[in-house]
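# Per-entry structural report
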Amino acid sequence: MSNIIIFGATSAIARACTRDWIAAGHNLFLVGRNADKLEIMRTDLLARSTQGQVVEIATADLNDFSTHEPLYAKAAEVLGMPDTVLVAHGSLPDQKACEASVDLTMCEIRTNALSVISLATLAANLFEPRREGTIAVIGSVAGDRGRQSNYVYGAAKGMVDIFLQGLRNRLAKASITVLTIKPGFVDTPMTAHIPTKGALWATPNDIGQGIIHAVNHKRDVVYLPWFWRIIMLIIRFIPEAIFKRLSL
Amino acid sequence: MRDDIRSWNRLPTVGHRHVLEVRTRNDRLPLPPGDETCIPFGNGRSYGDVCLNPGATVLRTRALDHLIAFDRACGRVTCESGMLLADLLELVVPQGWFPAATPGTRFVTLGGCVANDVHGKNHHDTGSFGNHVRSFELLRSDGQRLTCSAEHNADWFAATIGGLGLTGLITQVTFDLLPVSNPFMITQGYRFATLDEFWRLNACAEREWPYTVAWIDCTRHSGRGILFAGQHAPPQPELPPWKDHHRDVPVDLPFSCINSLSLRVFNEVYYRQKLPRGRHLTHYVPYFYPLDAVKNWNRIYGTRGFYQYQCVLPPQVSADGIADMMRQIAGSGMGSFLAVLKTFGSRPASGMLSFPRPGATLALDFPNLGEKTLRLLNRLDSIVASSGGALYPAKDARMSGAMFRRGFPQWEKMLAFIDPRFSSGFWRRVNEPEG
Ligand SMILES: Cc1cc2nc3c(=O)[nH]c(=O)nc-3n(C[C@H](O)[C@H](O)[C@H](O)COP(=O)(O)OP(=O)(O)OC[C@H]3O[C@@H](n4cnc5c(N)ncnc54)[C@H](O)[C@@H]3O)c2cc1C
Ligand SMILES: NC(=O)c1ccc[n+]([C@@H]2O[C@H](COP(=O)([O-])OP(=O)(O)OC[C@H]3O[C@@H](n4cnc5c(N)ncnc54)[C@H](OP(=O)(O)O)[C@@H]3O)[C@@H](O)[C@H]2O)c1
């Protein structure tokens with residue numbers, strides 16, 4: 001039985017993970033910023049649980065870093081020592097609006113990169129002395145290469161990617177798993193404004209299954225679904241001189 | 001206009017001005033601007049336009065997929081209305097419970113099950129879905145929340161079960177499950193060569209089995225077919241292994257694979273299938289949901305879509321009426337791929353517009369060949385109308401207002417409960433002044 005903390009627990013992808021985790025008998029600590037949604041989730045997960053597990057919730061705006069340490073303390077208090085952390089919160093910025101506003105750009109970087117780095121740092125320091133634990137973070141294929149249509153988001157996810165590479169390297173000696181999850185297009189509230197969804201789109205459930213599998217198998221980096229690894233390989237391969245002229 | 005919201009038979013193809021998501025059960029109802037109307041859209045497994053609202057708004061409910069309570073001791077569950085039956089099954093079957101009524105696909109939402117008051121192969125034994133609903137919450141466009149049950153707001157309860165989504169949004173529903181010992185069914189198939197033989201077989205089977213349904217060969221007048229009977233398996237010393245296999249029709253076919261030749265071949269092969277001798281164990285998934293094994297099977301009918309046609313005829317005239325319909329269909333050469341015949345029991349339905357009622361129900365599907373298909377369906381209509389029968393709105397994209405009013409005499413009583421901001425393609429069609 002694991003004790004799992006989920007940041008951004010109300011995200012569609014994280015929610016899919018929580019359902020598998022509750023069925024597998026784990027205890028969950030859900031962090032989000034919407035108390036009503038969290039309460040609905042908690043009721044749902046408790047009704048699903050069959051082994052008298054603990055499901056606790058906490059509300060926080062994760063852009064306020066001062067909430068982070070107390071959240072870990074609270075989780076340890078209600079669950080016992082956590083052994084898995086999933087960082088799932090994020091926002092998909094309006095790229096055009098970011099171009100017009102430095103403040104908005106910084107705010108998006110804060111949500112999608114800085115807050116994640118803060119949470120991952122604290123998790124690392126919690127797990128390192130105990131020499132066990134899993135830190136799973138949802139990045140994105142968008143972090144693999146900057147594109148004109150969403151480079152603020154891409155830059156933030158890219159920063160997280162490199163940060164986690166370093167963290168993984170540091171924590172490998174302590175046998176701690178650092179998992180970078182890179183989903184492609186997923187049909188969630190974040191992408192609800194995009195009307196037609198073609199063959200490349202996955203459901204939050206598909207991604208959730210992929211995350212559970214990757215956590216259970218202590219993987220380092222996963223593309224979800226798998227074919228994005230190939231697509232991104234090709235995209236990364238295109239020389240910059242050509243890439244800069246493309247309208248991707 | 002968005003053209004990506006479709007029902008299962010892909011007919012009619014319509015544009016929607018707004019597609020709004022209902023995010024949580026406690027939120028206010030998202031409403032389109034002005035006085036534009038909306039209709040809840042569950043999982044679009046209806047065959048027609050009860051879940052569509054051309055030129056206006058659909059409210060997507062799938063985000064409402066949370067469990068609220070599950071009493072494992074008495075088998076009573078409360079869940080949000082956008083939860084899929086498939087998800088519910090995964091939760092309750094391992095705990096020894098099963099939905100009291102289930103349609104032939106598990107990819108329907110519970111809101112859809114209430115709003116169409118769906119029935120299953122056990123109607124003669126157990127009634128329809130609405131018979132097992134204890135209560136639900138109805139959210140109206142003016143913000144009112146009504147808790148409805150047979151005791152409280154009883155008239156709203158009756159208007160909303162089978163109410164085609166017109167009375168407001170069902171946010172959550174509480175219903176009772178049936179106890180089962182394991183996920184398996186005991187089943188038996190009986191081949192019959194004529195309709196007369198079917199009626200005899202069926203009368204016996206209904207006394208013995210809680211689940212019965214027959215497939216009939218529509219390419220022939222005789223009405224040959226196979227009756228499939230089933231019951232939940234009692235405790236077993238050992239259960240066979242079972243794994244769900246999926247196939248997919250991955251792309252839209254530009255044309256229909258269903259034509260008179262493929263129909264003849266399919267029906268011949270299907271009739272001659274080897275039936276295991278006597279009773280045998282079958283997992284509940286292939287037993288109840290054989291079509292779910294092929295994801296997107298509706299694509300085999302091509303981009304023009306297809307019509308479902310499901311009617312019910314009163315008991316006294318069932319045999320003659322069904323025989324008459326079979327003659328019309330076989331004669332037209334447009335036989336149906338899957339013709340399903342079953343008898344409903346006498347348990348009264350809970351809804352004003354509920355479709356199930358005593359008699360025999362026949363469900364058919366026809367590729368959309370335009371006028372030719374519609375002419376056949378009109379001929380079938382006249383048989384249904386003259387027998388005093390009704391058509392199933394969940395499977396309809398074309399019935400006339402007259403046909404609807406005949407089949408659903410309580411329609412006028414229903415009017416008082418319709419939410420002023422709710423409407424659907426179906427509802428406007430059957431309420432159009434006849435011209
Ligand atoms: C392969 C197959 C087999 C089938 N077999 C059967 C069968 O054996 N018996 C049977 O009865 N039916 C059967 N059906 C039809 C199906 O069960 C019904 O059409 C069902 O209502 C579809 O559910 P849905 O969630 O997809 O709803 P939709 O098709 O999206 O909507 C159906 C109706 O429910 C309303 N609705 C949906 N959610 C809500 C809500 N939250 N609040 C208020 N109204 C709501 C909609 O407005 C609409 O009027 C079958 C369909 C298929 C595809
Ligand atoms: N959808 C895709 O195509 C896609 C592709 C690649 C990667 N991803 C990543 O997958 C993760 C999950 O996203 P999703 O697709 O599941 O979308 P989602 O359902 O919209 O989830 C985003 C979540 O982040 C939360 N959040 C945002 N800012 C926050 C803050 N400051 N403090 C606390 N919580 C905050 C939101 O909370 P509220 O519920 O309160 O709004 C929401 O639960 C994100 O990291 C996203 O970048 C998504």
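Residues numbered from 1 in each chain as written. Chains lettered and ligands numbered in written order. Predicted model: local features only at pLDDT ≥ 70, side-chain atom pairs only at ≥ 80, totals over all residues. Heavy atoms only, no water.

## Considerations on the site of ligand 2
Residues and elements named next belong to chain A. Condition: Note on definitions. A residue lies near a molecule or strand when any single heavy atom of the residue is within 4 Å of it. The definition of a polar contact used here is a pair of N or O atoms within 3.5 Å, where within protein one atom must be able to donate a hydrogen and the other to accept one, and adjacent residues in sequence count solely through side-chain atom pairs. A 1.4 Å probe and the Shrake-Rupley method give the accessible areas. Residues count as covered only by the protein chains that appear here. Where helices and strands are cited, they refer to DSSP runs of H or I of at least four residues and of E of at least two residues respectively, numbered from the N terminus.
Neighbouring ligand 2 are 28 residues; Thr 10, Lys 37, Tyr 153, Val 186 and Thr 188 lie closest to it. The separation between an oxygen atom of ligand 2 and a polar main-chain atom of Gly 90 is 3.1 Å. Within the backbone of Met 190, an N or O atom sits 3.5 Å from an oxygen atom of ligand 2. Summarising the interface, the protein chains cover 92% of the accessible area of ligand 2, which totals 890 Å² for the free molecule. Listed by contribution, the elements that provide at least two residues to the shell around ligand 2 are α1 (12-23) and α6 (151-172).

## Section: the sheet that holds strand β5 (residues 134-138) of chain A
Residue and element names in this part refer to chain A. How we decide: A pair of strands counts as paired when DSSP detects no fewer than two bridges linking them. Each axis is a line fitted through C-alpha atoms, and for a helix only the stretch in contact is used; angles between axes span 0 to 180 degrees, taken between their N-to-C directions. Residues count as neighbours in contact if any of their non-hydrogen atoms are within 4.5 Å of one another.
Read across the sheet, seven strands follow the order β3-β2-β1-β4-β5-β6-β7 without closing on themselves; strand pairing throughout is parallel. Strand pairing shows two members of the sheet lacking a second neighbour, β3 (55-59) and β7 (221-224), which therefore form its edges. Strand after strand, the sheet turns through a mean of 15° between neighbouring axes, direction not considered. By the bridge criterion, four bridges tie strand β4 (residues 84-87) to β5 in an arrangement that is parallel. Across the sheet, Thr 84 pairs through a bridge with Thr 134, a residue of β5. Here helix α5 (residues 102-127) sits on the sheet and contacts β1 (3-7), β4 and β5; the angle it forms with β5, its principal contact strand, is near 170°.

## Brief notes about the packing of aromatic side chains
All names here are of chain B. In plain terms, the rule: By convention, a stacked pair of Phe, Tyr or Trp rings (six-membered ring in the case of Trp) has centres within 6.5 Å and planes under 30 degrees apart, an edge-to-face pair has planes over 60 apart, and any other such pair is tilted. Note on exposure labels: buried denotes an accessible area under 20% of the residue type's maximum, exposed denotes more than 50%, and partly exposed covers the range between, all computed with a 1.4 Å probe on protein chains only.
Inspection of the entire model under this criterion finds 28 aromatic pairs over all chains. Ring geometry for Phe 198 and Trp 199: centres 5.0 Å apart, planes at 70°, overall edge-to-face. With a centroid separation of 5.7 Å and an interplanar angle of 85°, the aromatic rings of Phe 404 and Trp 427 are classed as edge-to-face. Of this pair, Phe 404 sits in helix α10 (residues 401-407) while Trp 427 sits in helix α12 (residues 425-431), and the two are 23 residues apart along the sequence. Both residues of the pair, Phe 404 and Trp 427, belong to the buried class. The structure contains a cluster of three or more aromatic residues connected by ring pairs, namely Phe 98, Tyr 211, Tyr 284, Tyr 287, Phe 288 and Tyr 289.

## Concerning the pattern of salt bridges
What counts, and what does not: The working definition used for a salt bridge is a side-chain nitrogen of Lys or Arg within 4 Å of a carboxyl oxygen of Asp or Glu.
Within this structure, the stated rule accounts for 33 salt bridges over all chains. Of the charged contacts, one joins B:Arg25 and B:Glu80 as a salt bridge, the two residues approaching to 2.5 Å between their closest N and O atoms. With a gap of 55 residues between them, B:Arg25 in the loop between β1 (18-21) and β2 (38-41) and B:Glu80 in strand β5 (residues 76-80) connect regions that are remote in the sequence. Of the residues examined, B:Glu80 reaches a relative accessible area of 0% and is grouped as buried. Salt bridges sharing common partners tie together A:Arg15, A:Arg19, A:Asp44, A:Arg48 and B:Asp65.

## Thoughts on the interface of chain B and chain A
What counts here: We define buried area as the total accessible area lost by two parts upon association, computed with a 1.4 Å probe and summed across both. Residues are grouped as follows: nonpolar covers Ala, Val, Leu, Ile, Met, Phe, Trp, Tyr, Cys and Pro; charged covers Asp, Glu, Lys and Arg; every other residue, Gly included, is treated as polar.
If you look at the interface, chain B gives 18 residues, while chain A gives 15 residues. Across the chain B to chain A interface the summed buried area is about 1400 Å²; carbon plus sulfur atoms make up 49%. The largest per-residue losses of area from chain B upon contact with chain A belong to B:Arg23, B:His66 and B:Leu67, which jointly make up 31% of the total buried on that side. Ionic pairing is found between A:Arg15 and B:Asp65, a salt bridge with its closest N-O pair at 3.0 Å. Here chain B and chain A share seven residue pairs in polar contact (both at pLDDT 80 or more) between them. By residue number, the principal contributor to the side of chain B that touches chain A is strand β4 (residues 67-71) of chain B, which donates four residues. Here the residues of the side of chain B that touches chain A are counted per class, giving seven nonpolar, four polar and seven charged.

## Examining the pairing of strand β7 (residues 133-139) of chain B
Where burial is concerned, most of β7(B) is hidden: six out of the seven residues are buried. Between β7(B) and strand β8 (residues 145-149) of chain B, which follow one another and run antiparallel, lie five residues, and B:Gly143 among them has a positive phi close to 95°.

## A closer look at the environment of B:Cys218
All names here are of chain B. Mapped onto the fold, Cys 218 is located in the loop between β11 (211-216) and β12 (225-232). In this structure, the C-alpha to C-alpha distance between Cys 218 and Val 340, residues 122 residues apart in sequence, is 9.7 Å. Excluding its chain neighbours within four sequence positions, the residues that come into contact with Cys 218 are Asn 267, Met 326, Ile 329, Ala 330, Gly 335, Ser 336, Ala 339 and Leu 364.

## Quick word on the sheet that holds strand β10 (residues 184-192) of chain B
All names here are of chain B. Spatially, β14-β10-β12-β11-β17-β18-β16-β19 is the arrangement adopted by the eight strands of the open sheet, whose pairing is antiparallel. Whereas interior strands pair on both sides, the edge strands pair on one side only; in this sheet they are β14 (280-283) and β19 (390-391). In terms of strand pairing, strand β17 (residues 339-344) meets strand β18 (residues 359-367) through five bridges, oriented antiparallel. Paired with Phe 344 across the strands is Gly 359, a residue of β18. Sheet strands touched by helix α5 (residues 195-208): β10, β11, β12, β17 and β18. Its angle to β10, the strand with the most contacts, is close to 155°.

## Things to note about the packing of α5(A) against α6(A)
All names here are of chain A. This is how it is decided: Angle categories are assigned with fixed cut-offs, so that under 35 degrees is roughly parallel, over 145 is roughly antiparallel, 65 to 115 is roughly perpendicular, and the rest are oblique. Crossing handedness follows the turn of the near helix against the far one: under a right angle anticlockwise gives a left-handed crossing, and clockwise gives a right-handed one.
Running from N to C, α5 and α6 cross one another at 15°; their axes reach a closest spacing of 8 Å. When the axes of α5 and α6 are compared, the pair comes out roughly parallel. Taken as a pair, α5 and α6 cross one another with a handedness that is right-handed. When α5 is examined against α6, the residues Thr 105, Glu 108, Ile 109, Asn 112, Ala 113, Leu 114, Val 116, Ile 117, Ala 120, Thr 121, Ala 124 and Asn 125 are found in contact with a partner set consisting of Val 152, Tyr 153, Ala 156, Lys 157, Met 159, Val 160, Phe 163, Leu 164, Leu 167, Arg 170 and Leu 171. Residue composition of the contact of α5 with α6, grouped by class: 16 nonpolar, four polar and three charged.

## Comments concerning the side chain of B:Thr126
All names here are of chain B. Turning to its location among the elements, Thr 126 is positioned in helix α3 (residues 123-126). Exposure remark for Thr 126: the relative accessible area of 8% places this residue in the buried category. In this structure, Thr 126 is in contact with Ala 100, Asn 131, His 132, Leu 178 and Arg 347, ignoring residues within four places of it in sequence.

## Overview of the domain arrangement of chain B
Residue and element names in this part refer to chain B. The line we're drawing: Domain boundaries shown here were taken from an automatic or database domain assignment.
Partitioning chain B into domains gives domain 1 (67-181) and domain 2 (184-407). For domain 1 versus domain 2, the distance between C-alpha centres works out to 24 Å. Between domain 1 and domain 2, the residue contacts involve 35 residues of the former and 35 residues of the latter. Of the roughly 3000 Å² buried between domain 1 and domain 2, counting both surfaces, carbon and sulfur atoms make up 58%. When the buried area of domain 1 at its contact with domain 2 is split by residue, Arg 106, Lys 121 and His 124 rank highest and sum to 26% of it. The tally of links from domain 1 across to domain 2 stands at two salt bridges. A salt bridge links Asp 244 to Arg 106; the nearest nitrogen and oxygen atoms lie 3.0 Å apart.

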